[in-house]
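# An overview of the molecular structure
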Amino acid sequence: MVKTLVQKINSNVVNKPGAVVAIKHLKKSFGTKEVLSDISMSLYKGENLVVLGKSGQGKSVAIKCIVGLLTQDSGSLKVFDEEVKDLSEKEWKALRMKIGFLFQSAALYDSMTVEQNLEFPLTRVLKLKDKQEIRQRIEEVLEGVGLLDAIEKMPSDLSGGMRKRIGLARTLILKPEIMLYDEPTTGLDPITSREISELIMEMQKKYQTSSIIITHDMACAKITADRILVMNNGSFEAEGNYEQLESGSDELVRSFFK
Amino acid sequence: MVKLVPATWTTAFVAAGDQVVFMGAFFRNIFRSGFEWNEFLRQSYIIGYKSLSLVGITGFILGFVLTLQSEPTMREFGATSFVPSMVTISVIREIGPVIIALICAGKISSSIGAELGSMKVSEQIDAMEVSGANPVQYLVVTRILACIIMIPLLTLMADALAMMGGFAASNMNNHLTATLYFSKAFSALRFGDLIPAVAKTIFFGFAIGFVGCFKGYNSERGTESVGVAANSAVVSASLWIIVLDAIAVQLTSVFAYN
Ligand SMILES: Nc1ncnc2c1ncn2[C@@H]1O[C@H](COP(=O)(O)OP(=O)(O)O)[C@@H](O)[C@H]1O
Ligand SMILES: [Mg+2]
């Protein structure tokens with residue numbers, strides 16, 4: 001069963017047009033420890049791709065390779081048809097403006113207020129100068145995540161769910177074409193989780209992003225997924241939409257639905 | 001592969017190489033457009049103003065104690081009138097810069113190491129990089145430059161307070177007038193003594209900022225590494241200061257006093 005699924009995945013990734021991210025036979029080790037043994041996948045324009053997998057399987061490592069925080073040992077990784085390992089510093093900067101990354105911990109800058117957090121990418125990356133325009137964009141994106149009244153707060157005064165929302169707002173403020181979500185709902189209560197999942201859908205509609213959503217929260221996967229990949233031991237073992245995987249017979253895949 | 005050198009040597013060379021690369025990144029980013037004036041001023045305030053009382057008290061007590069300690073000995077030779085100039089010269093040329101730098105290594109290097117270390121661990125530095133902003137320019141350049149400017153100023157202030165301390169001590173025993181004390185103190189001091197003394201505090205300032213930033217910025221994953229970064233920042237900054245001082249003494253004796 002697993003074998004047929006893998007074959008299906010590999011046949012899927014072969015140069016289908018419209019892929020914004022195309023990964024082929026990606027390998028990554030830390031010292032002697034092999035984390036990604038052979039990863040192949042594509043993310044197509046406008047889709048929400050959910051990656052399921054237990055902790056420590058290398059999901060975060062895989063998406064960190066996409067933004068260049070980590071470099072693969074071998075294999076090909078194309079974003080917008082450009083091989084990322086050939087990019088110069090300048091080209092990376094341009095590419096990163098088109099990719100949003102929501103960290104597992106939200107990674108808010110804790111010495112800055114919410115407003116300064118959101119201002120940071122506008123003034124440093126887009127080099128905006130006009131105070132009024134900056135303020136307007138901040139308010140617009142905060143309204144989008146429903147936290148306009150937190151604008152003066154420090155990150156330490158925010159709850160986990162609020163931090164995720166602000167992290168999302170800080171990423172979306174640059175209007176990325178690709179969004180990478182690293183466990184957006186982990187550690188949140190079910191109600192807040194659902195709100196975040198719905199927010200992801202809303203933002204996708206509003207900004208037409210293509211997204212990779214890493215999670216092991218099936219409620220989140222059910223709401224957001226157009227397609228699901230299951231990662232195990234450093235490679236993908238199954239693919240399908242929510243209903244296909246739920247009704248499948250693979251032991252590993254079924255264990256996520258329990 | 002044949003091992004020609006022990007593994008500890010290789011790690012030492014790799015570590016030294018990493019420091020050179022980091023130093024290169026610092027120098028390259030000083031002159032990039034978009035210098036972070038606000039952050040630089042904020043760091044100067046934190047590094048300079050918040051160390052005032054510690055450095056001031058240390059300086060005052062330094063002069064006070066040195067005077068009290070040397071007076072009995074000098075009295076045996078009937079040379080108490082040399083005490084003010086002796087204390088002034090030794091504080092300004094050697095003791096002041098080194099003691100203040102070591103104290104600042106404990107206070108400033110460790111706090112920079114811990115701050116950047118926790119930003120690294122909580123992925124804030126990664127978040128800056130991924131958004132397309134320049135974390136070296138924002139975090140590292142500002143902190144190192146603030147140290148380069150504030151450490152010499154703090155040392156000069158400590159020198160001045162050490163002379164006050166010296167006056168207070170000798171006034172307790174000898175009832176010298178302030179005018180007499182300070183004219184004696186300055187009598188042996190040449191302007192040429194100040195230049196190498198200030199020059200070396202600039203290098204001490206660089207060492208304090210650089211080591212703190214390097215250790216924090218390159219800390220490992222996991223929360224315990226924040227403590228490790230802070231601690232090893234103090235240890236290596238202190239070592240840098242001692243070594244730089246030895247070099248400075250050699251250079252001044254070659255150039256200034258021949
Ligand atoms: N920068 C790194 N250095 C060394 N090991 C790492 C690094 N990043 C991740 N790892 C290791 O890779 C494995 C996969 O990690 P990760 O991708 O974070 O898992 P997850 O699937 O839960 O996101 C873990 O065992 C982790 O310890
Ligand atoms: Mg992870």
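Predicted, not measured: the structure shown is a model, and the values here were computed from it.

Criteria and thresholds
- Residues numbered from 1 in each chain as written.
- Chains lettered and ligands numbered in written order.
- Predicted model: local features only at pLDDT ≥ 70, side-chain atom pairs only at ≥ 80, totals over all residues.
- Heavy atoms only, no water.
- Helix = DSSP H or I, 4+ residues; strand = E, 2+ residues; numbered from the N terminus.
- Buried < 20%, exposed > 50% of the residue type's maximum accessible area, 1.4 Å probe, protein only.
- Contact = heavy atoms within 4.5 Å.
- Patch = residues over 30% accessible without salt bridge, like charges linked within 9 Å, V, L, I, M, F, W, Y side chains within 5 Å.
- Areas by Shrake-Rupley, 256 points an atom, 1.4 Å probe, with all protein chains shown as cover.
- Salt bridge = Lys/Arg side-chain N within 4 Å of Asp/Glu carboxyl O.
- Buried area = accessible area lost by both parts, 1.4 Å probe.
- Polar contact = N/O pair within 3.5 Å; in protein donor to acceptor, adjacent residues only side chain to side chain.
- Nonpolar A, V, L, I, M, F, W, Y, C, P; charged D, E, K, R; others polar.
- Axes fitted to C-alpha atoms, helices over the stretch in contact; angles between N-to-C directions.
- Parallel < 35°, antiparallel > 145°, perpendicular 65-115°, else oblique.
- Left-handed = near helix turned anticlockwise from the far one by under 90°.
- Domains from an automatic or database assignment.
- Near = heavy atom within 4 Å.

A few words on the side chain of B:Thr58. Residue and element names in this part refer to chain B. Inspection of the secondary structure assignment puts Thr58 in helix 3 (residues 52-76). Residue class for Thr58 comes out buried when judged on its relative accessible area of 18%. Dropping the residues within four chain positions of it, Thr58 is found in contact with Ile99, Ile100 and Ile103.

Here the focus is a nonpolar patch on the surface. All names here are of chain B. Taken together, Leu239, Val243, Ile247, Leu251, Val254 and Phe255 make up a surface patch of nonpolar side chains, about 600 Å² in accessible area. Topologically, Leu251 is positioned in helix 9 (residues 224-255). Residue classification places Leu251 among the partly exposed positions, given a relative accessible area of 44%.

Each side of the interface is counted separately: chain B has 15 residues, and chain A has 23 residues. Buried surface at the junction of chain B and chain A, summed over both partners, amounts to about 1700 Å²; 53% is from carbon and sulfur atoms. The largest share of the area that chain B buries against chain A comes from B:Glu123, B:Gln124 and B:Val130, three residues that together contribute 34% of it. There are four salt bridges connecting chain B and chain A. One salt bridge in this structure joins A:Glu89 and B:Arg32, with 3.8 Å as the shortest N-O distance. Our count for the chain B to chain A interface comes out at six residue pairs in polar contact (both at pLDDT 80 or more). For the side of chain B that touches chain A, the element with the most residues is helix 5 (residues 124-130) of chain B, which contributes six residues. Its residues assigned to classes, the side of chain B that touches chain A shows five nonpolar, four polar and six charged.

Residue and element names in this part refer to chain B. Contact geometry for helix 2 (residues 37-48) and helix 6 (residues 135-174): axes closest at 8 Å, N-to-C directions at 45°. Comparing their axes, helix 6 and helix 2 come out oblique. Remark: the crossing between helix 2 and helix 6 carries right-handed chirality. Judged by residue contacts, Glu39, Phe40, Arg42, Gln43, Ser44, Ile47 and Gly48 of helix 2 engage Tyr138, Thr142, Arg143, Leu145, Ala146, Cys147, Ile149, Met150 and Leu154 from helix 6. Here the residues of the contact of helix 2 with helix 6 sort into nine nonpolar, four polar and three charged.

Here we take up the domain arrangement of chain A. All names here are of chain A. Examined at the domain level, chain A breaks down into domain 1 (2-98 + 178-257) and domain 2 (103-175). Each of domain 1 and domain 2 was reduced to a C-alpha centroid, and the two centroids are 25 Å apart. At the junction of the two partners, domain 1 supplies 19 residues and domain 2 supplies 18 residues. Summed over both partners, the interface of domain 1 with domain 2 comes to about 1600 Å²; 67% of that surface belongs to carbon and sulfur atoms.

Another point: the site of ligand 1. A:Phe30, A:Lys33, A:Val35, A:Lys54, A:Ser55, A:Gly56, A:Gln57, A:Gly58, A:Lys59, A:Ser60, A:Val61 and B:Arg221 make up every residue found near ligand 1. More than one chain approaches ligand 1, the contributing ones being chains A and B. In the model, an oxygen atom of ligand 1 is placed 2.7 Å from a nitrogen or oxygen of the A:Gly56 main chain. Contact between ligand 1 and A:Gly58: an oxygen atom at 3.0 Å from a main-chain N or O atom of the residue. Alone, ligand 1 offers 560 Å² of accessible surface; in the complex the protein occludes 72% of this. Elements supplying a minimum of two residues to the shell around ligand 1: strand 2 (33-44) and helix 2 (59-66) of chain A. Of the residues forming the shell around ligand 1, the biggest block, three residues, is contributed by helix 2 of chain A. Broken down by class, the residue content of the shell around ligand 1 amounts to three nonpolar, five polar and four charged.

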